[in-house]
Amino acid sequence: MKIRFTQRARRRVKLIAEWWREHRSSAPTVFDDELSELLDRLIDRPTMGLVYRMIDGEVVRRNLMPRSAQHVYCSFDEATDTIVIHTIWGARRGNGPTL
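Since the structure is predicted, the reported quantities are computational estimates derived from the model, not experimental observations.

1. Some remarks on the overall build of the chain
Move 1: Looking only at helices and strands, the chain has 2 helices and 5 strands in total.
Move 2: Listed by position from the N terminus, the elements making up the chain come as β-α-α-β-β-β-β.
Move 3: In summary, the chain has a C-alpha radius of gyration of 13 Å against a globular reference of 13 Å for 99 residues, a match within 12%.
Move 4: Projecting the C-alpha coordinates of the chain onto the three principal axes gives extents of approximately 40 × 30 × 20 Å.
Move 5: When each of the 99 residues of the chain is scored for burial, the buried share is 38%.
Move 6: For the chain, restricting intrachain contacts to residue pairs at least 6 apart in sequence, the fraction spanning at least 24 positions comes to 47%.

Here it is as structure tokens:
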């Protein structure tokens, strides 16, 4: 099983992780730790999460990381055995990302 981050997702991971380190001195690694835990769970259950929408025939699912209040938007390509992380988006924003 492989995990691939889109360029957008890589940018969001960097941005959010930096924000946590800068603004949450009592828990600077919460985002990093929670993302790592979610990726481990996705490897075991690549189709977990709520269906968010279909894009080009792919089901994009949304998984909440409750401590950091971030949603991870991902899909699973069975043919290549790859989980694609499309983006990470603040759950408190009230609307989802454009994918």
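2. A word on the pairing of strand 3 (residues 58–65)
Move 1: Bridge count between strand 2 (residues 50–55) and strand 3: 5 bridges; the pairing is antiparallel. Considered in strand 3, the bridge of Ile55 is made with Glu58.
Move 2: Adjacent in sequence and paired antiparallel, strand 2 and strand 3 are bridged by 2 residues, among which Asp56 carries a positive phi angle near 50 degrees.
Move 3: Pairing analysis gives 5 bridges linking strand 3 to strand 4 (residues 70–77), with the strands arranged antiparallel. Pairing of Arg62 across the sheet is with Tyr73, part of strand 4.
Move 4: Counted between consecutive antiparallel strands, the loop separating strand 3 from strand 4 contains 4 residues, among which Ala69 sits at a positive phi close to 55 degrees.

3. Things to note about helix 1 (residues 7–23)
Move 1: With 17 residues, helix 1 extends 24 Å between its outermost C-alpha atoms, agreeing within 8% with the 24 Å of an ideal straight helix rising 1.5 Å per residue.
Move 2: For helix 1, the full list of buried residues reads Ala9, Arg12, Val13, Ile16, Ala17 and Trp20. Considered in projection along helix 1, the buried side chains sweep an arc of 125 degrees and stay on one side of the axis. Facing away from the buried side of helix 1 by more than 90 degrees, the exposed set consists of Gln7, Arg11, Lys14 and Glu22.
Move 3: Those residues of helix 1 hidden inside the fold are in contact with strand 1 (2–5), helix 2 (30–44), strand 4 and strand 5 (82–90).

4. Structural notes on the nonpolar core
In a soluble, globular protein the nonpolar side chains are often hidden away together inside.
Move 1: Phe31, Leu35, Leu42, Val72, Ile85 and Ile88 are the most contacted members of the largest nonpolar core, which has 18 residues in total.
Move 2: Here this core gets 6 residues from one element, more than from any other, and that element is helix 2.
Move 3: Sequence-distant contacts of Ile88, defined by excluding residues within four places in its chain, comprise Arg12, Val13, Ile16, Phe31, Leu35, Gln70, His71 and Val72.

5. As for the pattern of salt bridges
Side-chain pairs of opposite charge can arise whenever the charged atoms involved come near each other.
Move 1: By the definition in use, this model includes 3 salt bridges.
Move 2: As a salt-bridge pair, Glu37 and Arg67 come within 2.9 Å of each other at their nearest N and O atoms. Placement of the pair is Glu37 in helix 2 and Arg67 in the loop between strand 3 and strand 4, with a sequence separation of 30 residues.
Move 3: Glu37 sits in the partly exposed class, given a relative accessible area of 37%.
Move 4: Look at the salt bridges and you will find they share partners, linking Glu34, Glu37 and Arg67 into a network.

The rules behind the values
Residues numbered from 1 in each chain as written. Predicted model: local features only at pLDDT ≥ 70, side-chain atom pairs only at ≥ 80, totals over all residues. Heavy atoms only, no water. Helix = DSSP H or I, 4+ residues; strand = E, 2+ residues; numbered from the N terminus. Rg over C-alpha atoms; globule rule 2.2 N^0.38 Å. Buried < 20%, exposed > 50% of the residue type's maximum accessible area, 1.4 Å probe, protein only. Contact = heavy atoms within 4.5 Å. Pairing = 2+ DSSP bridges. Expected span 1.5 Å × (residues − 1). Arc of directions from axis to C-beta. Core = buried A, V, L, I, M, F, W, Y, C linked by side-chain atoms within 4.5 Å. Salt bridge = Lys/Arg side-chain N within 4 Å of Asp/Glu carboxyl O.

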